[in-house]
Amino acid sequence: MTPVTSGDKGGPAAGSQPQEADVLRTMLNRPEYRRALVFCGLIGIPVALVAFWFLVALNKLERLIWTEWPQDLGWKQAPWWWGLPLLTVAGLVVGVVVARFPGRGGHLPAAGLHAGGVTEEALPGVLVAAMVGLPLGVVLGPEAPLIALGGGLALLFASLVRAPQTEASKGLLGAAGAAASISALFGNPLVGGVLLMEVAGVGGPQLFAVMLPALLASGVGDLIFTGFVHWTGFETGSLDIGLPKPPPLDWPDVLWVLVLAPVIAFAVHGIFVGGRFTAGFVTTRTVLHTTLCGIGVAVSVTLYAVSTGRSPAEAALSGEAALSRLAQDPHAWSVGTLVAVLVFKALAYALCLGGLRGGPVFPSLFLGGAAGVLLAPLPGLGLVPAMAAGMAASLTAALRVPVSSVVLVVLLLGNVDTVALVVLATVISFVVVETLPQGPAIPPFSEPPSGRGRRPGSTRP
């Protein structure tokens, strides 16, 4: 038999197409790519500094408005009516920004996270909508404004230094700036890089088709391996350096995740469908209806405070600070309080997703964590596994980015022993929400410039 050579037609190394390694090597050797790489590294410095002060300002304003001002006026906590004027103002200001400012204040949260599509001209609207809406109690997080801010600033700095810009270089700069800013929020460059890769949709549906089976298999393999180590007592060697561990996972934890993950995914998906209906309502008369959304959020927050006697801030805002308090002292939240915060914060979240501006990450994490605390007393289910599964299922249903959801939840928990449960809940949630009806399409007026061709509610192209 004559051996097939690289020059033979149809051979495995057939000739005219370079191998992937050669393509990568050629690209890395191009001077223009190396210059772009260095420039992206330099861009990260001013973008990270701006992102840092942006987050500091939001944190200070939130604490001033919801904690210090009520205490200065003689209340132990914000009174039940506190959110009514604040969120009405937030709705009015954001409505004006969406209707009048270039870029409409940023991406619509009901459409998920988006990478790119924000120009330098859109930056003032993004900043105003975020700096007014988020501290006044809008139930959204800062991640979407940060992505828009990072991408827009990168393009602005490139224009200031008169760097040559093409469509490809603009996309590269926007992604680099967004990754730098989002890493500042999560305090970890891995989260920023993975999140932007999935949000940008590199590889398209094929990436997810290959990634999900691999992710699921790795999670199941970890469960089996961990189980055999625990049951047999044999050691195989590990990277453990001796930090204290929670109780080992057992089969009831796994079985409960199989039940709870689809339920939580279905509920969060319903919130996003409600957000898309809200978006259609807002489009018809933007300023008036956005203001009404703000009032609706205020009513939800007020009902929570009246029904529980607790601060309305727990049902308002992104939930980042409340999630920390919940994890540190879950027994301070009664069953009635947990049910109330899940109901009223979910209603407020749906209104904010369709009518206001911000990111969907932290409210979904809080709702998943609160659901985990509520369900933790179930027989055989512990607090840490319940919160891990709840946050993973909720975040995945909100963002549709499974790998990023796993990385972020594990980072927040600081507990590698729950990774297998997080992976299992993530994969189940992703499959559930992708097979459910997606609800109404995002109205054209609300679509971001980069949103052409996206399926409603999808976070990737």
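Our structure is the block above this text.
First things first, this report covers the structure right here in the doc. Since the structure is predicted, the reported quantities are computational estimates derived from the model, not experimental observations.

Right, let's get into the environment of L408. In this structure, L408 sits in helix 15 (residues 402-413). We classify L408 as buried; its relative accessible area is 5%. It is 8.2 Å that separates the C-alpha atoms of L408 and F186, two residues lying 222 residues apart in sequence. Beyond its immediate sequence surroundings of up to four residues, L408 is in contact with F186, V191, V361, L365 and L395.

There is a patch of nonpolar side chains on the surface, built from V38, L42, I45, L49, F52 and W53 and spanning about 660 Å² of accessible area. You can see F52 is positioned in helix 2 (residues 31-72). Assessed through its relative accessible area of 44%, F52 is described here as partly exposed.

Attention now moves to the nonpolar core. Proteins that are soluble and globular tend to have nonpolar side chains buried together. Grouped together as the largest cluster of nonpolar side chains are 107 residues, with contacts concentrated most on W66, F186, Y349, L365 and F366. With 11 residues, the single largest contributor to this core is helix 12 (residues 335-355). Leave out the neighbours within four places in its chain, and Y349 touches V139, L140, I271, F272, P360, P363, S364, L367 and A398.

In this section: the environment of V373. Along the chain, V373 falls in helix 13 (residues 361-375). Linking V373 and G390, residues 17 residues apart in sequence, is a C-alpha distance of 8.7 Å. Look past the residues within four positions of V373 in its chain and what remains in contact with it is L326, P330, L338, L383 and M387.

Right, let's talk about the packing of helix 12 against helix 13 for a bit. Helix 13 packs onto helix 12 with a crossing angle of 155° between their chain directions and a minimal axis gap of 10 Å. Relative to helix 13, helix 12 is oriented roughly antiparallel. Helix 12 and helix 13 meet at a crossing whose hand is left-handed. For the pair formed by helix 12 and helix 13, the contact residues are V335, L338, V339, V341, L342, K345, A346 and Y349 on the first element and P363, S364, F366, L367, A370, A371, V373 and L374 on the second. Taken together, the residues that form the contact of helix 12 with helix 13 break down as 14 nonpolar, 1 polar and 1 charged.

Moving on, we come to the packing of helix 3 (residues 83-100) against helix 10 (residues 286-308). Taken N-terminus to C-terminus, the directions of helix 3 and helix 10 make an angle of 155°; their axes are 7 Å apart at the nearest point. Considered as vectors, helix 3 and helix 10 are oriented roughly antiparallel to each other. With respect to the hand of their crossing, helix 3 and helix 10 are arranged in right-handed fashion. Taking contact as the criterion, the partners of G83, L84, L87, T88, G91, L92, V94, G95, V96, V98 and A99 in helix 3 are, on helix 10, T286, V287, T290, T291, G294, I295, V297, A298, V299, V301 and T302. Residue composition of the contact of helix 3 with helix 10, grouped by class: 13 nonpolar, 9 polar and no charged.

Cut-offs and rules
Residues numbered from 1 in each chain as written. Predicted model: local features only at pLDDT ≥ 70, side-chain atom pairs only at ≥ 80, totals over all residues. Heavy atoms only, no water. Helix = DSSP H or I, 4+ residues; strand = E, 2+ residues; numbered from the N terminus. Buried < 20%, exposed > 50% of the residue type's maximum accessible area, 1.4 Å probe, protein only. Contact = heavy atoms within 4.5 Å. Patch = residues over 30% accessible without salt bridge, like charges linked within 9 Å, V, L, I, M, F, W, Y side chains within 5 Å. Areas by Shrake-Rupley, 256 points an atom, 1.4 Å probe, with all protein chains shown as cover. Salt bridge = Lys/Arg side-chain N within 4 Å of Asp/Glu carboxyl O. Core = buried A, V, L, I, M, F, W, Y, C linked by side-chain atoms within 4.5 Å. Axes fitted to C-alpha atoms, helices over the stretch in contact; angles between N-to-C directions. Parallel < 35°, antiparallel > 145°, perpendicular 65-115°, else oblique. Left-handed = near helix turned anticlockwise from the far one by under 90°. Nonpolar A, V, L, I, M, F, W, Y, C, P; charged D, E, K, R; others polar.

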